[in-house]
Amino acid sequence: MSSYAYAQAGIAVPRTSSQQEAAGTTISKSEAKPGDLVVWPSHLGIYAGGNTVIDAGNSKGSVSERTIWGSPTFVTFR
C-alpha cells in the first residue's frame, strides 16, 4: 500500500516495510506530517495527522484510519 501511494506522488520507495524503514529518515512523532510512515515491528501505515494512521488492519483487503497505538517509529522521505 505505501509503496503504491508514494509512487502516485512520484516518490520511489523500496517495496517492503523493513526496506522502507531503513531507507527513510527516522523522525520524532512531533515532526511527523501527513504522508510520513508509521512503523511497528512487521507492520506499517501512513500517518494521517492528528494521531491517526491509515493502514491495512486485521482483515485482508481492509484499509482504515485509526488511532496510533503503542510506540511506533516515524519515518519520512521528505
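Up top is the structure these notes are about.
Think of each chain on its own: its residues are numbered from 1, step by step along the sequence as written. Whole-chain, interface and lining totals are the exception, using all residues; otherwise, since this is a predicted model, local features are given only for residues with pLDDT of at least 70 and side-chain atom pairs are given and counted only at 80 or more. The basis for the side-chain values is all heavy atoms of the structure; hydrogens and waters are excluded.

**With respect to the nonpolar core**
Stage number 1. Only buried residues count toward a nonpolar core. Its members are Ala, Val, Leu, Ile, Met, Phe, Trp, Tyr and Cys residues joined through side-chain atoms within 4.5 Å. When accessible area is computed with a 1.4 Å probe and restricted to protein chains, residues below 20% of their type maximum are described as buried, those above 50% as exposed, and intermediate ones as partly exposed. Listed in full, the eight residues of the largest apolar core are I27, A32, V38, W40, Y47, V53, I68 and F74.
Stage number 2. Only heavy atoms matter for contacts: two residues are in contact if any of them lie within 4.5 Å across the pair. Every residue in contact with F74, bar those within four places of it in the chain, is listed here: T25, T26, I27, S28, K29, A32, L37, V38, Y47 and I68.
Stage number 3. Grouped together as the second largest cluster of nonpolar side chains are seven residues, Y6, V13, I46 and V75 included.

**Observations regarding the pairing of strand 6 (residues 73–76)**
Stage number 1. Pairing between strand 1 (residues 25–27) and strand 6: three bridges, direction antiparallel. Residue T26 lies in a different strand from strand 6, and its bridge partner there is V75.
Stage number 2. By the bridge criterion, three bridges tie strand 2 (residues 37–40) to strand 6 in an arrangement that is antiparallel. Bridge pairing links L37 to V75 in strand 6. Two strands make a pair as long as DSSP finds a minimum of two bridges between them. Only runs of H or I of at least four residues qualify as helices and only runs of E of at least two qualify as strands under DSSP, and these elements are numbered from the N terminus.

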